Amino acid sequence: MVSEPNGPRPTLEAVAARAGVSRATVSRVVNGGAGVRAAVQERVRQAVTELGYVPNSAARSLVTRRTGAVAVVIAEPETRVFSDPFFGRQLRGISRELAAADTQLLLMFVEHRADYDRIGRYLSAGHVDGALMFSLHRDDPLPAMAERAGLPTVYGGRPGWASGSQGPRPLYVDTDNRGGARQAVRHLLGRGRRRIAVITGPLDQTSAVDRLDGYRDALGTAEPDPRLIADGGFTAAGGERAMAGLLDAAPDLDAVFVCSDLMANGALRTLRARGRRVPEEVAVVGYDDLEPAAWADPPLTTVRQDVEEMGRLMARLLLRLLEPGRAAEADAVELAPVITEARLVVRESG
């Protein structure tokens, strides 16, 4: 019989008595231990169901040395995270993968430099089994903190920092940013555009650096006209300001590759305000193919990356790393970094 809602909580001893086994056997079954025959495991599980037994998470953690939780650390202020659909889509992929593995998600942001100390203390205190970190910047102390704490970690984006140890290479999930940028700019060149500008993200992030490098690759020069390059900070307002600066510096530009759809929407606002027709006078290509691409007027030609799938892959990689005995095998083939495909999607803007 299942325990009454307001009655005493079923104990491990009660489950053992119902199943006709020892308390230690019940503990091994409940905590996923080995060495228990299948028939005995089935009796224990049936007793757990009949009694409505729920394991004490604190006691279980002492036995398994696992918390059942993963920290997701985004090195951005929460205002940026909640205003950019990129983060929501990536978190959705992470959340779904962790939920399927009965693992809790703990979300942490970096609002100020002082937050690094708080996050570092938390990660090193054993509150989580591992961490997923993304939107890191070049001088970010988070990777070193995770390394010092011995915390299994998977990164979103190609690492751009120097490792302080000779241990396994960092595990990460990224898209082919450089290849995607090449596709975008070659598409514009194929449409006859010759004065192609670029609006980058912050160049202390590898995704922005790789997309700028892809722009240079497609143009066939390591030193493009500096008047055609502007930083939009991966925000809509930044894209708006960067487009205005580009038009002032190079009024003869006839195309712009914008390194995120959010910035591209800002660039389109500036072009409309300046009376420049898209794509007739200025062609625009974005990057991401998220909601802002569908909202754009005209609909945005963009480079698609599967952001939700990247989130799922990050979580999946970490869960595999957390399997018993796997932490020392991070450099094995099956636990190698993952690079996903980037693909141009042609619409009306360019």
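Per an unreviewed UniProt entry, the recorded name for the chain is LacI family transcriptional regulator, and the organism is Streptomyces glebosus.

Let's talk about the packing of helix H6 (residues 85-100) against helix H14 (residues 307-321)
H14 packs onto H6 with a crossing angle of 40° between their chain directions and a minimal axis gap of 7 Å. Judged by the inter-axis angle, H6 sits oblique to H14. Note that H6 runs across H14; the crossing there is right-handed. Between H6 and H14, the contacting residues are Phe86, Arg89, Gln90, Arg92, Gly93, Ile94, Arg96, Glu97 and Leu98 on the first element and Val307, Glu308, Met310, Gly311, Arg312, Met314, Ala315, Arg316 and Leu319 on the second. Taken together, the residues of the contact of H6 with H14 sort by class into 8 nonpolar, 3 polar and 7 charged.

As for the environment of Leu123
Checked against the element boundaries, Leu123 lands in helix H7 (residues 115-124). Using a relative accessible area of 3% as the deciding quantity, one classes Leu123 as buried. Considered as a pair, Leu123 and Ala146 are 23 residues apart in the sequence and their alpha carbons are 7.1 Å apart. Sequence-distant contacts of Leu123, defined by excluding residues within four places in its chain, comprise Ala71, Val128, Met133, Ala149 and Leu151.

Overview of the nonpolar core
Formed by 43 residues in total, the largest nonpolar core has its most connected members in Ile199, Met243, Val256, Phe257 and Val284. Of all the secondary-structure elements, those providing two or more residues to this core are helix H9 (177-190), strand E6 (196-200), helix H10 (206-219), helix H11 (236-249), strand E8 (255-258), helix H12 (261-273) and strand E9 (283-288). The element that contributes the greatest number of residues to this core is H12, accounting for 5 residues. With residues near it in sequence (within four places) discarded, Met243 still touches Ile199, Leu253, Val256, Ala267, Thr270 and Leu271. Residues Phe86, Ile94, Leu98 and Leu313 belong to the second largest nonpolar core, which totals 27 residues.

Focus: the sheet that holds strand E2 (residues 104-109)
Read across the open sheet, the 6 strands follow the order E2-E1-E3-E4-E5-E11; overall the sheet is parallel. Each having just a single partner strand, E2 and strand E11 (338-340) make up the two edges of the open sheet. Each strand of the sheet is rotated relative to its neighbour by a mean of 15°, with strand direction disregarded. With 3 bridges connecting them, strand E4 (residues 153-156) and strand E5 (residues 171-175) associate as parallel partners. When the sheet's bridge partners are listed, Tyr155 is paired in E5 with Tyr172. Against the sheet, H7 contacts strand E1 (69-74), E2 and strand E3 (130-134), and its axis sits at roughly 155° relative to E2.

Some words on the pairing of E6
By the criterion of burial, E6 is predominantly enclosed, with 5 of the 5 residues buried. The two faces of E6 match: Ile196, Val198 and Thr200 on one face and Ala197 and Ile199 on the other face are all buried. Inspection of the sheet shows E6 paired to E8 by 4 bridges, in the parallel sense. Bridged to Val198 within E8 is Phe257.

Calculation notes
Residues numbered from 1 in each chain as written. Predicted model: local features only at pLDDT ≥ 70, side-chain atom pairs only at ≥ 80, totals over all residues. Heavy atoms only, no water. Axes fitted to C-alpha atoms, helices over the stretch in contact; angles between N-to-C directions. Helix = DSSP H or I, 4+ residues; strand = E, 2+ residues; numbered from the N terminus. Parallel < 35°, antiparallel > 145°, perpendicular 65-115°, else oblique. Left-handed = near helix turned anticlockwise from the far one by under 90°. Contact = heavy atoms within 4.5 Å. Nonpolar A, V, L, I, M, F, W, Y, C, P; charged D, E, K, R; others polar. Buried < 20%, exposed > 50% of the residue type's maximum accessible area, 1.4 Å probe, protein only. Core = buried A, V, L, I, M, F, W, Y, C linked by side-chain atoms within 4.5 Å. Pairing = 2+ DSSP bridges.

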